[in-house]
Amino acid sequence: MQRLMKWMEENFAPRLEAFTKNVWVDSIQEAIMVALPMIFIGSLITLVSILNDFIPGMPDLSPITTFSFGLLGIFIAFLTPYTVMQKKGHDKIKLIAGATGLSLFMMLLKPTFSDDGTVQFVLERFGPSGMVTALLVGAFVAVIFNVFNRFSFFKKNTTLPEFIKDWFDFLVPIALVLVIGWVLIYQLHFDMFSLIVDIFNPLQKISQTLIGFVLFNFIGVLLYSFGVSPWVMTPIFYSIWIPAIEQNASLVAQGLEPVNINTFETFFSGWVGVGGLGATLPLIVWFMFAKSKKLKSIGKATIVPSLFNINEPVIYGAPVAFNPILMIPMWINGIITPIIVYIVLDLGLVDIPSKVFQLWYTPIGISTYILTGFKGVVLLAIVLLQMFIVWFPFFKVYDKQELKKEQLAAAE
């Protein structure tokens, strides 16, 4: 165990952190983070829609979701190349790069043109189902613009105004991007959107199996236990979660049952990430009853943020990260909890979440009830009991260890 810990601390974690600090990976993460408020709007509409049960004649607020969360693909197609150019210091071309990403994305949606001049798009392609396409489009546009950043038709000592130079120099990367899109869509007649969706379908299907669901959680928990923030997994997680919850909502709107268990809502608004990834809220509650002054003070200091699903203070403050005594129960919960949750939801004993609710800072229990009602709260009580039981013996060992340290320090 010690050899593994040393290797993870000295080799794996630094290399992974270096990878996530790469401009391209960091830009994709930031693009998604910037778009999160548009996702939150859909969650707020879900919250407000609860009033429909109590106030007759409430207006239909769904168009707000359609034109925020439902346009996620457009936002990502613009933000990805924009952010890459910004982080690379190419401020002059970041806006036009974003606009070009938007243009290519719209082209790849393969709209139909009528004789009367009207254009028809499939609305759902603008939103979460187009997120992966948008990310790939944004990365492709960023590569092209990065390559042509130093290209210019003009010599450095030209007397032409700067904006005239920029207009002509921008023509090459814009034309190249759009010509490639034109060839693919209108000459070779590829439906690139459908192709990309089909390529990623196996990953989506695997993620919705029991094994995929457990691995999804455990990989994030494992990385977190070695100090690597779960935000590094954002592009992968959200490319699975967002289309999945959108499909669930669409199925329910058609009078069908939701099918996707692996969603953000299941993880952080339902039952798995209780207090944050790794289910650390029960550990913090145990800390409140510790004999060690250090652990008791950590419990008091971290209980409030943990209630709002912010657990970085306890992960790095207890610490849980790189602490074998606390890492092991975190791993155990990272496997047992998703197994219980998946089986219960798959059997239909509790409703699979079908509403967009990504207000991750909503205290667990409240969000669980909003999504799945009383039966969901009962399941939460069951998994909480399991989590408390798993954490308890490891907490006692750690508490005893820290208390002994404090007693030795006091005796000196």
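Residues numbered from 1 in each chain as written. Predicted model: local features only at pLDDT ≥ 70, side-chain atom pairs only at ≥ 80, totals over all residues. Heavy atoms only, no water.

Naming follows an unreviewed UniProt entry, where the protein chain appears as Permease IIC component of Paenibacillus motobuensis. The Subcellular location (unreviewed entry) comment attached to the protein chain in UniProt states, word for word, "Cell membrane". (UniProt positions renumbered as here; feature names shortened; annotations may be inferred.)

A. A look at the packing of aromatic side chains. Scanning all chains against the criterion turns up 23 aromatic pairs. Between Tyr-238 and Phe-264 the ring centres are 6.2 Å apart and the planes differ by 35 degrees, which places this aromatic pair in the tilted class. Linking Tyr-238 in helix H10 (residues 234-253) with Phe-264 in helix H11 (residues 264-271), this pair joins segments that are 26 residues apart in sequence. Taking relative accessible area as the criterion, Phe-264 reaches 3% and is therefore assigned buried. On the basis of an interplanar angle of 55 degrees and a centroid distance of 4.8 Å, the ring pair of Trp-286 and Phe-392 is categorised as tilted. Linking Trp-286 in helix H12 (residues 281-287) with Phe-392 in helix H16 (residues 366-411), this pair joins segments that are 106 residues apart in sequence. A residue is classified by how much of its surface remains accessible, and Phe-392, at 34% relative accessible area, is partly exposed. Site record: aromatic cluster; members linked through ring pairs are Phe-213, Phe-216, Phe-237, Tyr-238, Trp-241, Phe-264, Phe-267, Phe-268 and Tyr-342. (Phe/Tyr/Trp six-rings, centres within 6.5 Å; stacked < 30°, edge-to-face > 60°. Helix = DSSP H or I, 4+ residues; strand = E, 2+ residues; numbered from the N terminus. Buried < 20%, exposed > 50% of the residue type's maximum accessible area, 1.4 Å probe, protein only.)

B. The arrangement of the layout of surface pockets in detail. Of the pockets and cavities examined, the largest pocket occupies roughly 1,300 Å³. Lining the largest pocket are 46 residues, and of these Pro-243, Glu-246, Gln-247, Ala-249 and Ser-250 lie nearest its centre. Of all elements in the fold, only helix H2 (23-48), helix H3 (62-66), helix H6 (131-147), helix H8 (192-207) and H10 reach the threshold of two or more residues within the lining of the largest pocket. If one sorts the elements of the lining of the largest pocket by residue count, H10 sits on top with 10 residues. When grouped by side-chain class, the residues that make up the lining of the largest pocket number 20 nonpolar, 20 polar and 6 charged. (1 Å grid on protein atoms, 1.4 Å probe; cavity = no way out; pocket = protein on both sides within 12 Å on 5 of 7 lines; lining within 4 Å. Points joined across faces, edges and corners; volume = space filled by probe spheres on them. Nonpolar A, V, L, I, M, F, W, Y, C, P; charged D, E, K, R; others polar.)

C. Examining empty space enclosed by the protein more closely. Counting across every chain of the model gives 1 cavity of 30 Å³ or more. Size it by volume and the largest cavity reaches roughly 40 Å³. Taken together, Asn-217, Val-221, Val-272, Gly-273, Leu-277, Gly-278, Ala-279, Asn-333, Gly-334 and Thr-337 make up the lining of the largest cavity. Those elements giving two or more residues to the lining of the largest cavity turn out to be helix H9 (210-225) and helix H15 (324-346). No other element matches the 3 residues that H15 contributes to the lining of the largest cavity.

D. A nonpolar patch on the surface, seen in detail. Nonpolar side chains collect at one region of the surface, where Leu-210, Ile-335, Ile-336, Ile-339, Ile-343, Leu-347 and Leu-349 lie side by side and expose about 560 Å² of accessible area between them. Summarising the element assignment, Leu-210 is placed in helix H9. Overall, Leu-210 belongs to the partly exposed group, its relative accessible area being 32%. (Patch = residues over 30% accessible without salt bridge, like charges linked within 9 Å, V, L, I, M, F, W, Y side chains within 5 Å. Areas by Shrake-Rupley, 256 points an atom, 1.4 Å probe, with all protein chains shown as cover. Salt bridge = Lys/Arg side-chain N within 4 Å of Asp/Glu carboxyl O.)

E. Highlighting the pattern of salt bridges. Tallied over the entire structure, the rule returns 5 salt bridges. Glu-402 serves as the salt-bridge partner of Lys-294, at 3.3 Å between the closest nitrogen and oxygen. Placement of the pair is Lys-294 in helix H13 (residues 293-307) and Glu-402 in helix H16, with a sequence separation of 108 residues. Residue classification places Glu-402 among the buried positions, given a relative accessible area of 5%.

F. The nonpolar core, seen in detail. Formed by 96 residues in total, the largest nonpolar core has its most connected members in Tyr-238, Trp-241, Trp-271, Phe-287, Leu-326 and Leu-345. Every residue in contact with Leu-345, bar those within four places of it in the chain, is listed here: Ile-261, Thr-266, Trp-271, Val-350, Asp-351, Ile-352, Pro-353 and Leu-379. (Core = buried A, V, L, I, M, F, W, Y, C linked by side-chain atoms within 4.5 Å. Contact = heavy atoms within 4.5 Å.)

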